[in-house]
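For reference, the chains in residue letters:
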Amino acid sequence: MAFNELNFDFSDLLASHQYREPLVVRGIRCHGGYNDSGNYVSPRTRNRVPAIRAWQDRYKQEFGQPLLDRAVEETPPHYPNLAQAKLLLCNGIREPMIRTLTRIGTVEGFGAGIRFGAVDDIGRHFVEDLAGTATAHLTRGLYEAHARDEAGFEDQAGHKQMWWAARDIAFENPPVQDLTVEMRRAMGMPAEPLPPAELLRRMAEQALKDRLLPRDIDPMLEAQVARMMRLLLIEINAFHGFRWAESILADDSLVAGDGDAARIISYVRGDETPHLEYLKCALSEIRERTFRGESGRTYPARELINALWQRALATSTQRSIEGRNAELAEITTALEGHPRGDDLLEEFHALGQVRPVADGNWINNTNS
Ligand SMILES: [Fe+2]
Ligand SMILES: [Fe+2]
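Read on for a plain summary of the structure. Quick caveat: nothing in here was measured; it's all calculated off a predicted structure. (Residues numbered from 1 in each chain as written. Chains lettered and ligands numbered in written order. Predicted model: local features only at pLDDT ≥ 70, side-chain atom pairs only at ≥ 80, totals over all residues. Heavy atoms only, no water.)

As for the pattern of salt bridges
As a reminder of what qualifies: In what follows, salt bridge is the name for a side-chain nitrogen of Lys or Arg lying within 4 Å of a carboxyl oxygen of Asp or Glu. By definition, any uninterrupted DSSP run of H or I lasting at least four residues is a helix, any uninterrupted run of E lasting at least two residues is a strand, and each is numbered from the N terminus.
For the coordinates displayed, the defined rule picks out 27 salt bridges. One salt bridge connects K86 with D251, and the closest N-O pair in it is separated by 3.9 Å. One end of the pair, K86, is in helix α3 (residues 82–90); the other, D251, is in the loop between α9 (219–249) and α10 (260–287), and 165 residues separate them in sequence.

Below, the structure written as C-alpha cells:
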C-alpha cells in the first residue's frame, strides 16, 4: 500500500505487522510482538502510523499551521518525583507505588469506552469535505485501534494488563486491591460502566450543560471534541508517568525483575505515540474548518476550538492537583505506624518540587 494515500478502510487501520514472535508476558499473550531484529513493534500500526503521518503532512501543507499540541514539559511533573518515590521504596514503603501501578492499569482499561460516543456522520457537521483526513477516520478504525491498545481485545492483553504485569514482576505478586470504582469516581464517571446508548445520552446531557459552542451545533459533536481534548491531555501528561515508572522499575536495587517491568512499560510508551498523533491531527483539522449548525448557519471553528482547548487545559490542571492530593493522602496513610514515619514524611516533602502547606494548598519547594 502506498502512503500518499489518505483513505483507508476500518480493517486497514486495524492491521498489524507480521511478528516473528508475539509478546508474551508472564504467560499472558499481549498485543504487539517482535520483528526479525528482535525489536518490539506496536500493534495495529502497519497502516495506522503511515496513515497518520500522511494526514499530518496534508494538514501542514494545506494550512501551514502547527498541530494543536502541548509540550510534555508544560504539564505538571509526576508526583511523587523520582527521588521521593525512591526514598519510600528504600525504606520499604511499597504500597503507594503498587497502588499507582494498579491505578494506571485501571485507567488504561477505561480506554475501552473510546470506541463509543461518536456522532454518526461527522462530515455533515462541517461545510468542507472531510475525505482524506484523520477526522473522517475516527470511527473508521482510529477510535477502535485506540480502545484495543488500551484495554486489550479478545485473546490479546493491552496496556491495562501490561501495567499490572509490570507491577507483579517488580513487586513479586503483591496483594492488590481493585481500584476500579475509586478511579471511576475520581474521573467523574458513574460507578458502573454504562451501555453505549446510555453513555451517549449522558454525554449529550453533559454537553448541553457545559456548552461553549453555539446551541445550533450538535451537542454530541461538542462532547466528542471535548473528550478528544481531554484524552489528548491525559496522553501527553502520561509521558511523565512513563519516564518515572521506567526509571524506578529499571532499578535493580529497588525492585525485582531484572528490568523486565521497565521493558514492558517502554513497549506501552511506544504504543501511545499513534494515540497522541491522531488526536492532535483530527483536532487541528477540525480547528481549520467551518461548523455547520442544525439551522444551516455556519461558524468558523478556530475560535470555538481554541475556547474548548483553554477549558480543557484548565480542567486538566485541576485534575492533576486533585491527583496529587490523592497520592499524598495514600503516602501519608502508608507512613502511619512506621517507626520513622514523621521524619520520613518531612524528608519526602523536602525532596519535592512542591510541598503542601497547612491551608491545603501547595507551594514551590525552595529547597529543591
Ligand atoms: Fe495506554
Ligand atoms: Fe493511550
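Structure shown, so let's carry the discussion forward.
Here we look at the coordination of the iron ion (ligand 2)
Rule in force here: Any nitrogen, oxygen or sulfur atom within 2.8 Å of a metal ion counts as a donor, with the limit raised to 3.2 Å for Na, K and Ca, and since water is left out, coordination shells can look unfinished. The rule is simple: take the accessible area with a 1.4 Å probe, protein chains only, and divide by the maximum for that residue type; under 20% is buried, over 50% is exposed, in between is partly exposed.
Protein-derived ligands of the iron ion (ligand 2) are E150 (OE), E235 (OE), E235 (OE), E272 (OE) and H275 (ND1), with the metal-ligand distances lying across 1.9 to 2.5 Å. All donor residues of the iron ion (ligand 2) come from one chain, and their arrangement in sequence is E-x84-E-x36-E-x2-H. Here the iron ion (ligand 2) and the iron ion (ligand 1) are spaced 3.4 Å apart, linked through E150, which binds each one. With E272 and H275 both in helix α10 and three residues apart, the pair spans about one turn of that helix. A relative accessible area of 3% means that E272 is categorised as buried. Judged by relative accessible area, which is 0%, H275 ranks as buried.

Remarks on the nonpolar core
In summary, soluble globular proteins display a tendency toward joint burial of nonpolar side chains. As a reminder, the rule being used: Among buried residues, the Ala, Val, Leu, Ile, Met, Phe, Trp, Tyr and Cys ones that are joined through side-chain atoms within 4.5 Å form a nonpolar core. The contact definition used throughout considers only heavy atoms, calling two residues in contact when any of these lie within 4.5 Å.
Membership of the largest hydrophobic core comes to 82 residues, with the highest contact counts inside it found for W55, L249 and F291. The element that contributes the greatest number of residues to this core is α9, accounting for 16 residues. Apart from residues no more than four positions distant in its own chain, L249 is found in contact with M97, L101, A166, A170, V255, G259, A261, A262 and I265. Among the nonpolar cores identified, the runner-up in size contains eleven residues, and L88, I93, L335 and W362 belong to it.

Looking at the coordination of the iron ion (ligand 1)
Quick note on the threshold: Site shape is set this way: if four donors have all angles between 85 and 135 degrees, tetrahedral; if opposite donors are over 155 degrees apart and all others between 65 and 115, square planar for four donors and octahedral for six; otherwise irregular.
Surrounding the iron ion (ligand 1) are the protein donor atoms E108 (OE), E150 (OE), H159 (ND1) and E272 (OE), which sit 1.9 to 2.2 Å from the metal. Here the iron ion (ligand 1) is ringed by four donor atoms whose angles at the metal span 78 to 143°, and the overall shape comes out irregular.

Quick look at the environment of M203
Note on placement: M203 falls in helix α8 (residues 196–209). Residue class for M203 comes out buried when judged on its relative accessible area of 14%. In the structure, M203 is positioned 21 residues away from Q224 in sequence and 8.4 Å away in space, judged by C-alpha atoms. Once residues within four sequence positions are removed from consideration, M203 is found in contact with G117, M220, A223, Q224 and R227.

Purely geometric stuff here, so don't read any function into it on its own.
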